[in-house]
Amino acid sequence: MKKLYLHPLPVRIWHWINAVSFVVLIVTGLQIRYREFLGLMKFRDAVDVHNFFGFLIIFNFFLWLVYYIVTGKIKIYIPPLSIKKFVLGCIRQARYYGYGIFLGEENPHHSSPDNKFNPMQQIAYLSIMVVLIPLQLWTGLLLWDIKGFASWIDMFGGIKIVDTVHVFLFLFFTSFLFVHVYLATLGHTATEHIKAMFTGYEEIEEHVH
Amino acid sequence: MFEKKLEQTAEKGTLGFVLLGPIFGMLYIFLLPLIGIMTLLLAIPEYAHAKKAPVIENADVCMGCHAMKGVDKVFRNKERVSVFVDAKDFQNTVHGFLSCDSCHTKISLETHPGTANVFESKNAFVLDASQACRMCHSEEQLRAKPHHAAIANRSNAPPCTDCHGSHTVKRISDWKPALAGNQYCLTCHSQNMSKTHRNGEKLSLHIDPSSTLSASVHNGHACNDCHAEFSKAAHPMKTFGSSREHSIVLSGACKRCHAEKYTTLKDSIHSKGRFQWGEAVVSAGSINMKAPVCTDCHGFHTVGPRAMYETLSGMPCKGCHEAIFTKYSQSVHGMAQARGEHKAPLCSSCHFAHEVKATAMTERIKTACLGCHQTAENAHKKWLPNAELHLSAVSCPSCHSPRSGKGIYLKLYDQNTGKPFTEEQIVKLLGTDYQGLSERMNAHGEGIDSEGLWNIVRQLNEKGAGARLTFLGKMELNEGSEAHMLSVKKNAVRECESCHNANSAFFKTVTVAIVKADGGMVRYRANPEVLGSMISLASLRQFYVLGSTRLKILDWIGILMVFGGLSVPLAHITARVLTSPIREAKRLNKMRKGDRR
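Owing to the predicted nature of the structure, the values given are computational and were not obtained by experimental measurement. The numbering scheme is per chain: residues are counted from 1 as the chain's sequence reads. To label them, take the chains in the order written and letter them from A, then take the ligands in the order written and number them from 1. Predicted model: local features are reported for residues with pLDDT of at least 70 only, side-chain atom pairs are reported and counted for 80 or more only, and whole-chain, interface and lining totals are derived from all residues. Calculated side-chain values reflect all of the structure's heavy atoms, with hydrogen atoms and water omitted.

K.L.:
For the overall build of chain B, give the residues involved together with the corresponding values.
P.N.:
A run of H or I in DSSP counts as a helix once it spans at least four residues, and a run of E counts as a strand once it spans at least two, with each numbered from the N terminus. Looking only at helices and strands, chain B features 27 helices and 9 strands. Note on exposure labels: buried denotes an accessible area under 20% of the residue type's maximum, exposed denotes more than 50%, and partly exposed covers the range between, all computed with a 1.4 Å probe on protein chains only. Counting across all 597 residues of chain B, residues that qualify as buried make up 32%. Two residues form a contact once any of their heavy atoms are found within 4.5 Å. Residue pairs at least 24 apart in sequence account for 63% of intrachain contacts in chain B once pairs closer than 6 positions are excluded. Note that accessible areas follow from Shrake-Rupley with a 1.4 Å probe, and for residues the cover is restricted to the protein chains shown. Carbon and sulfur atoms make up 60% of the accessible area of chain B, which totals about 36300 Å².

Structure, rendered in structure tokens:
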């Protein structure tokens, strides 16, 4: 077994701030939206906590953006530019999760600091980090001060539309979270990837070819 | 023959002369002065008239008593009147040539003075005495002036003496035109007189200059500054259907000086589009006769300073809006007024006096609230998130009148102009009429649904020539009158959950409020489902309340997504468990191969 330094400290800090924020935002979001079903806290407190973590996650997003652009590591999010390579890579990865994994086959993708994500992860995380998260943060910001951002909201088509986008993405992220956590358990051991996210080091089996 | 006859005659004549001469002589001496006196007596009236010599001087019999001051006549009802007649004054009157009994025809020295024919009252006496005027003044003469005819020929006409006096009657043309300004009018109008409207209501024409005009801010004005059609030369006779009609027409006079206020009032909800007051044509039924005019608040001859208009009694607003006034009296403002805190608002403090307009879905009342409660906006910002938004989307009484019933009002706005789209514009663009719009608004009898709303917005936006229409929502009271039940601050609604909760009762009543060009409002019931309908994403795109106006479909999508997200790992784990024997076999196989090696 060899140890591979896969997650540098800034990435780990970003990830865990993001993780905590996501959970808190989801819970407070549910509390705000479904007051009649949930009584975890007062509406007012839920709004305040939601706003705090909302700003935290905005700050965190820029931490991610600056880190990945400055270090040039952003390229790990970019899927293969060749469509054929990308499609084949996706099929290979999907085949693994849908078939190979059950037969005890090896994950066709081997993470390294320069090639961290498989093509499916790349396209998913790229869309999330570049489109969905910014959209969620932006709509959240607009909803935070509806009067102040009235003209932006108007450009979006109205407060009801902004809110619907925000809620739709919130529901999407909630469902994605289950998949994300589950996939994190599909290492050689269930906790391997999770541990790595704390320590930065992933244990890699040395292959004998 | 001739001499004989002469002789005979002479004989007889001498005797006759001797006998009859003294008799005739005596008769002549005594009769002549008698005849002279009689002739003189018969000639006196002509003589008096020709020379203007006062006959009264000869009415010594009458003046023997009536020249005395301090002698009163007592009528049967114990009223007293002085019997004194100033002979000198009378000589200067237009009737100075008449004798007492020319008018007092029924006076007989056999019964007068005495108590035999005493009248019941002063009034009865005056009425009777006035009958004498008609002996000389013909019907034609009385009818010559229309206002005179109108007064004099009525069954309850005041006696002549009320206006003309009794022993002081002067030729009107000799003195009246010389009277200055209002005195001219008051010669008659200071008398107790009235007129009757067509509906039988009585209008007093009596003006008491000491108690009315002098106390008024208009005390420097001439009567015809307001009553412009009347002058020394003209006194048109006017008839009105009712006192109300009279007030409406006469209030038109105020605009001569107060044109600005008049215009403001004409644009107000009390007048705009339904009132044609001050103009000559006023027909009951075609206009709102109850809507207030100047005189309702300001009075007419007693126009007072501004502070007098509105009192704690709530008049004049209470006249029509009594239910509201009762609620107001029980409010924090009404009770403060009752305690004598005169800074507390009355009706006009919030609704203004002349520019009264529809208040629902406007900023007018909020502006009025903030006019006094100047720190309120900042105070809200200290504890209420998005305070500015709350203050614009929730009417003040929604929270500060805690016992009121609340609901959502949807109002069609043009986002380009920021102004409400009026019923008139809607009807025109939709190519329908008011009835047609009303039917569309309530097609199924349960209020308009989301599809109906969307169809209206879509059609209007298609035809609206650049207008960008959408429904804006606001929390308002279902009953405007309940806005007057304002309570003390500590009772105000503060819990976010009161509204931000899908079970909140405040979202169960939805009203589509269509503004009319005159500032009024037509309300249509809407089905509360419009707030949470997917279709409303288009028509109510600018109205959203956290927790309370959730799109129902989004909730279901959410449930599906979350279960979908959960089912991926669950299905995968299940598959992994089921396929674990395969992997186990493969692992053992591999181990065996390794062992062999």
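K.L.:
Explain the interface of chain B and chain A to me, and be specific about the residues and the numbers.
P.N.:
With 45 residues of chain B in contact, the opposing surface of chain A contributes 39 residues. Accessible area, probed at 1.4 Å, shrinks when two parts are joined; the buried area is that loss added up over both. Summed over both sides, the interface of chain B with chain A buries roughly 3800 Å², with 64% coming from carbon and sulfur. It is B:Tyr544, B:Leu554 and B:Met561 that lose the most area in chain B upon contact with chain A, and together they represent 16% of the buried surface on that side. Between Lys or Arg on one side and Asp or Glu on the other, a salt bridge is scored when a side-chain nitrogen of the former is within 4 Å of a carboxyl oxygen of the latter. Linking chain B to chain A there are 4 salt bridges. Its salt-bridge partner being B:Asp555, residue A:Arg33 comes within 2.9 Å of it at the nearest N-O pair.

K.L.:
For a nonpolar patch on the surface, give the residues involved together with the corresponding values.
P.N.:
All names here are of chain A. Where nonpolar side chains cluster on the molecular surface, the patch consists of Tyr-5, Leu-9, Ile-13, Phe-59, Leu-63 and Tyr-201 and spans about 570 Å² of accessible area. Looking at the nonpolar patch, the elements that each hand over two or more residues are α1 (9-33) and α2 (43-70). As for its position among the elements, Leu-63 is in helix α2. Here the term patch refers to residues with relative accessible area over 30% and no salt bridge, with like charges joined within 9 Å and nonpolar side chains (Val, Leu, Ile, Met, Phe, Trp, Tyr) within 5 Å.

K.L.:
Lay out helix α7 (residues 192-199) of chain A with the relevant residues and their values.
P.N.:
Structural remark: α-helix, 3.6 residues per turn; residues separated by three or four positions point the same way. All names here are of chain A. Considered for burial, the residues of α7 that qualify are Glu-192, Ala-196 and Met-197. Buried residues in α7, looked at end-on, bunch into an arc of 140°, giving them a common side. More than 90 degrees from the buried face of α7, the exposed residues found are Lys-195 and Phe-198. The elements touched by buried residues of α7 are α1 and β2 (201-204). Of the residues one or two after α7, Gly-200 is the one with positive phi, at around 95°. The arc in question is formed by the directions pointing from the helix axis toward the C-beta atoms.

K.L.:
I'd like a rundown of the pairing of strand β8 (residues 510-515) of chain B, residues and numbers included.
P.N.:
Two faces make up the sheet, and in a regular strand the side chains alternate between them. Residue and element names in this part refer to chain B. The buried fraction of β8 amounts to 6 of the 6 residues, a majority that puts the element mostly inside the structure. Of the two faces of β8, the one lined by Val-510, Val-512 and Ile-514 and the one lined by Thr-511, Ala-513 and Val-515 are each fully buried. Here, strands pair whenever DSSP counts at least two bridges between them. One ladder, built from 6 bridges, connects β8 with strand β9 (residues 521-526); its direction is antiparallel. What sits directly across from Val-510, in β9, is Ala-526.

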